[in-house]
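# Per-entry structural report
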Amino acid sequence: MPNEKIRFEGVTKRYGALTVLDKLDLSINEGEVVTIIGPSGSGKTTVLRCLMTLESIEDGVIRIDGEPLNMMERDGTLVPASTGHLRKMRRKLGMVFQSFNLFPHLTVLQNCAEPPVLALGVKRDEARKRAQELLEMVGMSDKHAHYPAQLSGGQQQRVAIARTLAMQPDILVFDEPTSALDPETIEEVTSVIRALAVKHSYTMLMVTHQIDFAHDISDRICFFDKGRIVEQGPPAAVIDAPSEARTQQFLSKVAQAR
Amino acid sequence: MDWRWDFTFDTVLPRILPGLWVTVEVTFLSFILTLVLGLVLMLARRSRSRIISFAAGEFIEFMRGMPLLVVIFFLFFLLPEVNIYLAPFWTGVLAMGIYNAAPAAEIMRGGLQAVPKGQWEAAHALNYSTYRTWRNVILPQAIGPVVPGLGNLLILAFKETPLLSFVAVPEMPDAARRIASETYRFTEPLTVVGILFLILSLASALLIRLVERHMLTENRYAK
Amino acid sequence: MQRSPIVVLVPIAFLVGLYFAVFSSVAEFLPALLNGLTVTIKVAVPSVLLAYLISVVAGLGRLAPIGPVRWASAIYIEVFRGVSLLVILFWLYFVLPEFGLTMSAYTAALLGISLNAGAYGAEIVRGAVQAVPKGQYEACTTLNYPVWHKYTRIILPQALVIAVPAMTNMTIELLKGTALVSAVTLVDLTAAGVRQNQMTYRTVEIFSVLALIYFCLAQVVRFSGVRIEQFFNRHLGAD
């Protein structure tokens with residue numbers, strides 16, 4: 001029995017009358033790469049944002065390593081999590097955004113070296129050394145003195161990945177990492193993500209519109225529609241031979257667009 | 001300190017309220033002048049002639065660094081020397097009208113610039129006449145950002161009218177000062193003036209916010 | 001407005017020189033005007049610094065998570081933006097003594113001007129902080145930044161850059177506001193000009209010199225603002 005890393009139990013998220021996540025149940029094992037696909041507005045990104053505590057949830061529990069994320073246990077009952085508890089839980093998570101969200105006033109190296117110093121209390125020299133190694137890994141070490149505005153989208157996203165790794169998370173969360181990129185720079189980012197999934201065996205949860213890429217690297221695909229998982233399973237099943245009508249419809253539309 | 005309510009209501013308010021009316025009159029009359037001059041300045045700034053455009057640009061920049069009080073005193077002293085005799089009231093209207101024309105021109109220009117270039121090109125491609133282009137395409141889109149800007153300028157103008165009391169326009173602070181110098185009581189007249197200003201500018205700011213919201217719901221394309 | 005004020009300052013210096021040559025009477029009243037100018041600068045410089053400080057404190061206070069702090073900032077901003085500077089000056093100098101708080105004309109001028117400009121500046125700071133993209137806040141959350149570092153290292157440095165052009169305009173408005181300090185008996189540049197005019201009746205000359213000096217002061221502010229903006233832009237690699 002593999003180790004369960006993340007577990008969504010009946011998670012519900014509403015914006016006013018609109019239910020974005022409807023009693024979501026999802027479990028992800030250690031080292032597993034799970035990709036969520038689905039039409040826009042289906043709540044895919046919301047899953048990630050709830051996991052990252054960027055959104056509150058109305059009902060349900062999210063557990064990481066069995067420990068509740070948005071709640072904490074006190075005297076045997078669950079109470080809303082304190083800031084300290086949230087900070088502790090978030091240390092296990094690293095997020096890569098669609099729009100990179102690099103800090104524009106810091107250099108590439110500072111972007112990767114400063115967060116560990118300020119948030120984890122890592123020593124400055126150590127953080128710099130580690131940042132340089134990570135930039136090397138994503139192929140951005142020659143641009144360490146540049147500012148984000150001087151880089152292409154693909155380069156910025158690779159720096160953002162290095163920054164996320166610098167925080168030493170167990171779980172990597174990718175929110176449409178290639179959607180804001182020019183077509184010719186997508187490949188440089190996907191190859192970095194692929195290396196992380198294959199060589200470094202991180203637990204990964206990703207939302208993407210790149211169906212082929214998802215097919216390549218995922219252990220499991222979840223097809224999402226209207227705040228629910230319609231169908232999930234290995235790529236060979238969900239993408240190549242979907243059983244649900246809605247999945248077939250979505251995939252054929254995506255295929256047409258290509 | 002002692003606040004005297006009878007003094008406030010019997011002496012201060014009856015003498016300051018006419019000053020309030022003068023303030024409102026000056027504000028609106030000068031603002032009409034501001035709109036006309038601002039439009040002229042804006043058109044000059046956008047002129048195809050580089051000399052006119054440059055001159056208008058420099059004039060706007062020049063006026064924006066100039067204190068209103070200097071403009072007021074200048075006209076107040078200059079006009080009689082060139083044999084133009086105006087009541088201080090009208091000198092004040094003139095000074096404020098000219099003074100606010102520069103920012104008004106900038107606000108109008110900003111509104112026009114906010115209309116994407118593609119809109120001009122689309123109107124051109126549809127073979128619209130110049131009149132149709134302005135009337136049906138450009139102005140409806142430019143008016144959205146311009147109205148709140150001009151509204152704020154109007155409030156600013158209103159708050160600047162007290163400066164006219166320097167040249168004895170019988171305006172609120174002027175009235176307050178007269179009461180103070182006759183009775184040696186500063187507290188009531190000056191506080192009443194302050195409160196009246198606060199009420200009026202808060203009310204007008206609220207009004208502008210309402211107009212703004214109304215326009216936003218009317219013109220969905222203004223975002 | 002993208003242009004180098006230095007280019008404008010040079011012909012102005014030339015024109016001023018020409019002025020001296022043609023209207024020798026300028027020498028008559030210029031010393032008095034320069035005395036006025038020193039008063040204007042003595043009021044303006046500390047007021048600018050104080051106004052910036054107030055802007056940041058009240059602007060952030062307006063966004064504070066603590067209700068009373070937010071309300072106090074909002075009331076301060078609305079009151080001091082709503083009331084004319086002239087009325088504020090009168091009130092500080094003539095009414096506050098009735099409450100037992102007497103201050104010198106200079107202090108009243110400095111306080112009145114910076115409280116008035118600070119209220120406008122606070123709105124600029126608030127707008128700038130809110131204009132920092134939401135993604136920056138989210139990145140700080142996911143990277144577990146402590147609140148203090150989130151603001152001092154990430155949000156405020158970016159807000160500062162956004163605020164520069166509007167703060168430049170605010171500073172020029174403050175400069176123009178110093179023309180009102182004669183209301184509390186200080187003899188600044190404008191007041192000196194008016195006095196000289198009543199003695200010599202050289203209206204056109206006096207007011208031209210006055211206008212040129214104010215224009216140059218405003219250009220110095222504008223120029224500094226542009227330079228600061230350029231510095232930040234180069235630093236951010238946006239050029």
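Before reading on, note that the structure itself is shown above.
Residues numbered from 1 in each chain as written. Chains lettered and ligands numbered in written order. Predicted model: local features only at pLDDT ≥ 70, side-chain atom pairs only at ≥ 80, totals over all residues. Heavy atoms only, no water.

### Section: the overall build of chain B
Along its length, chain B carries 8 helices and 0 strands. Secondary structure elements in chain B, listed N-terminal to C-terminal, are α-α-α-α-α-α-α-α. Oriented by its inertia axes, the alpha-carbon framework of chain B measures out at about 70 × 45 × 25 Å. A buried classification covers 48% of the 223 residues belonging to chain B. Considering only contacts in chain B between residues 6 or more positions apart, those separated by 24 or more positions represent 77%. Entry remark: accessible area of chain B is about 11700 Å², with carbon and sulfur atoms responsible for 66%. (Helix = DSSP H or I, 4+ residues; strand = E, 2+ residues; numbered from the N terminus. Buried < 20%, exposed > 50% of the residue type's maximum accessible area, 1.4 Å probe, protein only. Contact = heavy atoms within 4.5 Å. Areas by Shrake-Rupley, 256 points an atom, 1.4 Å probe, with all protein chains shown as cover.)

### Observations concerning the interface of chain B and chain C
In this assembly, 39 residues from chain B lie in contact with 40 residues from chain C. Summed over the shared surface of chain B and chain C, the result is 1 salt bridge. With a shortest N-O distance of 2.9 Å, glutamate 61 of chain B and arginine 222 of chain C are connected by a salt bridge. Linking chain B to chain C there are 9 residue pairs in polar contact (both at pLDDT 80 or more). Looking at the side of chain B that touches chain C, the elements with two or more residues in it are α2 (50-64), α3 (68-81), α4 (88-114), α6 (130-160), α7 (172-183) and α8 (187-218) of chain B. (Salt bridge = Lys/Arg side-chain N within 4 Å of Asp/Glu carboxyl O. Polar contact = N/O pair within 3.5 Å; in protein donor to acceptor, adjacent residues only side chain to side chain.)

### What to know about helix α2 (residues 83-90) of chain A
Those residues of α2 of chain A not exposed but buried are His85, Leu86, Met89 and Arg90 of chain A. Looking straight down α2 of chain A, one finds that the buried residues subtend no more than 130° of arc, so they occupy a single side. Tucked inside the fold, the buried residues of α2 of chain A contact β4 (59-64), β5 (67-68), β6 (71-74) and β8 (93-96) of chain A together with α6 (134-142) of chain C. (Arc of directions from axis to C-beta.)

### Description of the sheet that holds strand β10 (residues 203-207) of chain A
Residues and elements named next belong to chain A. Spatial strand order, β8-β9-β10-β3-β11-β12: 6 strands in an open sheet with mixed pairing. Unpaired on one side and paired on the other, β8 and β12 (228-233) mark the two borders of the sheet. Across the sheet, the mean angle separating the axes of adjacent strands is 20° when strand polarity is ignored. In the sheet, strand β9 (residues 171-175) pairs with β10 via 5 bridges, with the strands oriented parallel. Bridged to phenylalanine 174 within β10 is methionine 206. Of the strands in this sheet, β8 and β9 touch helix α5 (residues 153-166), which is tilted by about 170° from β8. (Pairing = 2+ DSSP bridges. Axes fitted to C-alpha atoms, helices over the stretch in contact; angles between N-to-C directions.)

### A few points about the pattern of salt bridges
Tallied over the entire structure, the rule returns 24 salt bridges over all chains. We note a salt bridge from arginine 126 of chain C to glutamate 123 of chain C, for which the minimum N-O separation is 3.1 Å. Of this pair, arginine 126 of chain C and glutamate 123 of chain C both sit in helix α5 (residues 105-131), 3 residues apart, which is roughly one turn of that helix. Residue arginine 202 of chain C is joined to glutamate 205 of chain C by a salt bridge in which the shortest nitrogen-to-oxygen separation is 3.1 Å. Salt bridges sharing common partners tie together Lys13, Arg49 and Glu55 of chain A together with Lys134 and Glu138 of chain C.

### Some remarks on the packing of α3 of chain B against helix α8 (residues 189-200) of chain C
At their nearest, the axes of α3 of chain B and α8 of chain C sit 10 Å apart, and the two run at 10° to each other. Between α3 of chain B and α8 of chain C, the interaxial angle falls into the category roughly parallel. On α8 of chain C, the residues that touch Leu69, Val70, Phe73 and Phe77 of chain B of α3 of chain B are Thr190, Val194, Asn197 and Gln198 of chain C. Across the contact of α3 of chain B with α8 of chain C, the residue classes break down as 5 nonpolar, 3 polar and no charged. (Parallel < 35°, antiparallel > 145°, perpendicular 65-115°, else oblique. Nonpolar A, V, L, I, M, F, W, Y, C, P; charged D, E, K, R; others polar.)

### Remarks on a nonpolar patch on the surface
Residues and elements named next belong to chain B. A grouping of Leu29, Ile32, Val36, Val40, Val82, Ile84, Leu86 and Trp90 is seen on the molecular surface, where their side chains present a nonpolar patch of about 710 Å² in accessible area. Among the elements that line the nonpolar patch, the one with the most residues is helix α1 (residues 5-45), at 4 residues. The topology assignment puts leucine 29 in helix α1. Judged by its relative accessible area of 33%, leucine 29 falls in the partly exposed class. (Patch = residues over 30% accessible without salt bridge, like charges linked within 9 Å, V, L, I, M, F, W, Y side chains within 5 Å.)

### Some thoughts on the sheet that holds strand β1 (residues 4-15) of chain A
Residues and elements named next belong to chain A. In space, the 4 strands of this open sheet follow the order β2-β1-β4-β5, with antiparallel pairing throughout. The open sheet is flanked by β2 (18-29) and β5, the only strands paired with a single partner. In this structure, β4 lies alongside β5, joined through 2 bridges in antiparallel fashion. Residue pairing across strands places arginine 63 opposite proline 68, the latter belonging to β5.

### A few points about the side chain of arginine 220 of chain A
Residues and elements named next belong to chain A. Positionally, arginine 220 belongs in strand β11 (residues 220-225). Among the polar contacts listed, one links the side chain of arginine 220 to the backbone oxygen of serine 27, at a separation of 2.5 Å. Of note is the side chain of arginine 220, whose polar atom sits 3.0 Å from the side chain of glutamate 32. Non-local contacts of arginine 220, meaning those with residues more than four positions away in its chain, are made with Leu26, Ser27, Ile28, Glu32, Val33, Val34, Thr35, Gln232, Gly233, Pro234 and Pro235.

### Focus on the packing of aromatic side chains
Across all of its chains, the model carries 15 aromatic pairs over all chains by this definition. Taking the centre distance of 6.2 Å and the plane angle of 70° together, the rings of phenylalanine 73 of chain B and phenylalanine 166 of chain B count as edge-to-face. Within this pair, whereas phenylalanine 73 of chain B is found in helix α3, its partner phenylalanine 166 of chain B is found in the loop between α6 and α7, the two being separated by 93 residues in sequence. Taking the relative accessible area as the measure of exposure, phenylalanine 73 of chain B reaches 8% and is therefore buried. When the centroid spacing of 6.2 Å and the interplanar angle of 40° are considered together, the rings of phenylalanine 77 of chain B and phenylalanine 207 of chain C count as tilted. Highlighted residues: phenylalanine 77 of chain B in helix α3 and phenylalanine 207 of chain C in helix α9 (residues 203-236), drawn from two different chains. Under the relative-accessibility criterion, phenylalanine 77 of chain B is labelled buried at 13%. Relative accessible area serves as the criterion here: at 3%, phenylalanine 207 of chain C is assigned to the buried category. Members of the aromatic cluster, connected to one another through ring pairs, are Phe73, Phe74, Phe76, Phe77 and Phe166 of chain B together with Phe207 of chain C. Lying over the aromatic face of phenylalanine 103 of chain A, arginine 163 of chain A brings its terminal NZ or CZ to 4.6 Å of the ring centre. (Phe/Tyr/Trp six-rings, centres within 6.5 Å; stacked < 30°, edge-to-face > 60°. Lys NZ or Arg CZ within 6 Å of the ring centre and 35° of its normal.)

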